[in-house]
Amino acid sequence: MASPCQSVAKTLADVAARRPVLEPVLRAFEPILAAQAELTEDLADSVRATGLRLPEPQAEALTQGLSLLAGVSLAGLAGPLRSSAEKLLPLLVSLEAMAPHASALEAMLLAPVKAESKKKKSAGAVTADPREAFAEAMLSGNSEEEARLAEECGLDPSILLFAFNFVLAPVLRALVVQSLPEEGDAPWDAGSRWKHGYCPVCGSFATIGWLDKPMLDEKNAYLAGGGGKKHLHCGLCGANWKFMRGICPSCEKDGTGVMEMLRESGAAHGERLDWCTQCKSYCPTVDLREREGWPDLDALALGMMHLDMVAARKKLRPLKPSFWNVF
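## Details of unusual backbone geometry
With the exception of glycine, the majority of residues adopt a negative phi angle, and the majority of peptide bonds are in the trans configuration.
Part 1 of the reasoning: Phi angles above zero are rare outside glycine, and Glu-252 is one such case at about 65 degrees.
Part 2 of the reasoning: Positive phi outside glycine occurs at His-269, with the angle close to 55 degrees.

## Some remarks on the packing of aromatic side chains
Part 1 of the reasoning: Here the structure, examined in full by the defined rule, presents 9 aromatic pairs.
Part 2 of the reasoning: Ring geometry for Phe-162 and Phe-323: centres 5.9 Å apart, planes at 85 degrees, overall edge-to-face. Of the two residues, Phe-162 is situated in helix 9 (residues 157–179) and Phe-323 in the segment after strand 9 (317–318); the sequence distance between them amounts to 161 residues.
Part 3 of the reasoning: Here Phe-162 falls in the partly exposed class, since its relative accessible area comes to 21%.
Part 4 of the reasoning: With a relative accessible area of 30%, Phe-323 lands in the partly exposed category.
Part 5 of the reasoning: An angle of 75 degrees between the planes, with centres 6.4 Å apart, marks the rings of Trp-210 and Trp-294 as edge-to-face. Pair noted here: Trp-210 is in strand 1 (residues 208–211) and Trp-294 is in the loop between strand 8 (281–287) and helix 10 (297–303), with a separation of 84 residues, a long-range link. Trp-294 matches Trp-210 in its accessibility class, with the two residues each being buried.

## With respect to the pairing of strand 8
Part 1 of the reasoning: Of all 7 residues making up strand 8, 7 are buried, and the element is well covered by its neighbours.
Part 2 of the reasoning: Where burial is concerned, the two faces of strand 8 agree: the one with Ser-281, Cys-283, Thr-285 and Asp-287 and the one with Tyr-282, Pro-284 and Val-286 are both buried.
Part 3 of the reasoning: Sheet topology note: the strand 1/strand 8 ladder contains 3 bridges and is parallel. Following the sheet pairing, Leu-211 is matched in strand 8 by Asp-287.

## A short note on the packing of helix 6 (residues 102–109) against helix 9
Part 1 of the reasoning: Look at helix 6 against helix 9: their axes get within 11 Å of each other, and the N-to-C directions meet at 45 degrees. What the angle tells us is that helix 6 and helix 9 run oblique. Remark: the crossing between helix 6 and helix 9 carries right-handed chirality. Residues Leu-105, Met-108 and Leu-109 of helix 6 touch helix 9, and the partners they reach there are Leu-160, Ala-163, Phe-164 and Val-167.
Part 2 of the reasoning: For the contact of helix 6 with helix 9, the per-class residue count stands at 7 nonpolar, no polar and no charged.

## Quick look at the pattern of salt bridges
Part 1 of the reasoning: For the structure shown, the criterion picks out 20 salt bridges.
Part 2 of the reasoning: With a closest N to O distance of 2.8 Å, Arg-289 and Asp-287 form a salt bridge.
Part 3 of the reasoning: Using a relative accessible area of 39% as the deciding quantity, one classes Arg-289 as partly exposed.
Part 4 of the reasoning: Among the ionic contacts, a cluster of salt bridges with common partners joins Arg-18, Arg-19, Glu-264, Glu-271 and Arg-291.

Rules used throughout
- Residues numbered from 1 in each chain as written.
- Predicted model: local features only at pLDDT ≥ 70, side-chain atom pairs only at ≥ 80, totals over all residues.
- Heavy atoms only, no water.
- Phe/Tyr/Trp six-rings, centres within 6.5 Å; stacked < 30°, edge-to-face > 60°.
- Helix = DSSP H or I, 4+ residues; strand = E, 2+ residues; numbered from the N terminus.
- Buried < 20%, exposed > 50% of the residue type's maximum accessible area, 1.4 Å probe, protein only.
- Pairing = 2+ DSSP bridges.
- Axes fitted to C-alpha atoms, helices over the stretch in contact; angles between N-to-C directions.
- Parallel < 35°, antiparallel > 145°, perpendicular 65-115°, else oblique.
- Left-handed = near helix turned anticlockwise from the far one by under 90°.
- Contact = heavy atoms within 4.5 Å.
- Nonpolar A, V, L, I, M, F, W, Y, C, P; charged D, E, K, R; others polar.
- Salt bridge = Lys/Arg side-chain N within 4 Å of Asp/Glu carboxyl O.

Structure representation (structure tokens):
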């Protein structure tokens, strides 16, 4: 997506001005989302120092639908994860539902980093740090391992998963940013081999989609792309990827009448839900051609929860369950 985009505060302020009823929820989560955005840059050096890099995309693996971090050891990330938790955990436990779990979360997320975790371990080594182990379980979709690790920490798996999503996000985003070229397509978009609704980097389903703005040709002012190409955005690692507009990102069905749009009447500012008539899943989407500026997509996904409420009444299910769209 074009840069720079609006700040979290600006995006949420615009939403609150149009939908005052959402303001208490938006204000509750604004400090957390803003801190996440700042940490992506703050953690860049410490993540780079681990020596961990995103694997080079392989055409065959992308065609098979294997995300880049599937099965990759995250040994060495305990330090950046702890740094992320130092800033985010106080904000998370200030939430009423999280406050009773503060001690257990602090014991796991703020534990000292052992000497052997400060360096990336050799291939095949067992991950000793529970933060690294939990991150690997998340990225591999191993819910049994998530539950085991949560039990060891004295936490309900859903509580630990909720907190850890926020803590892991800026660390993964620092990894992603380091892999992006200054110009041109992201490595996973080259050749248009990735055709899935889940993230080519971390495997999480998209939290929001977006249609791009018209792009001027810097070499010829009379040439411009019309915009409207669809992209999906990962709320965990922050990656964006191209996606076909007529295909369901969940069941991957396509064809006439498969995808429908749900939007509010009047000035919708490009905001809508794209939902599948086959599997009844939906993904919030914003058409950037219908609004000024480039919103922070993570903040805007939260700011579209009024449409999530409508979807719930219609018995639709979110492509990516989040704390604001599960009713």
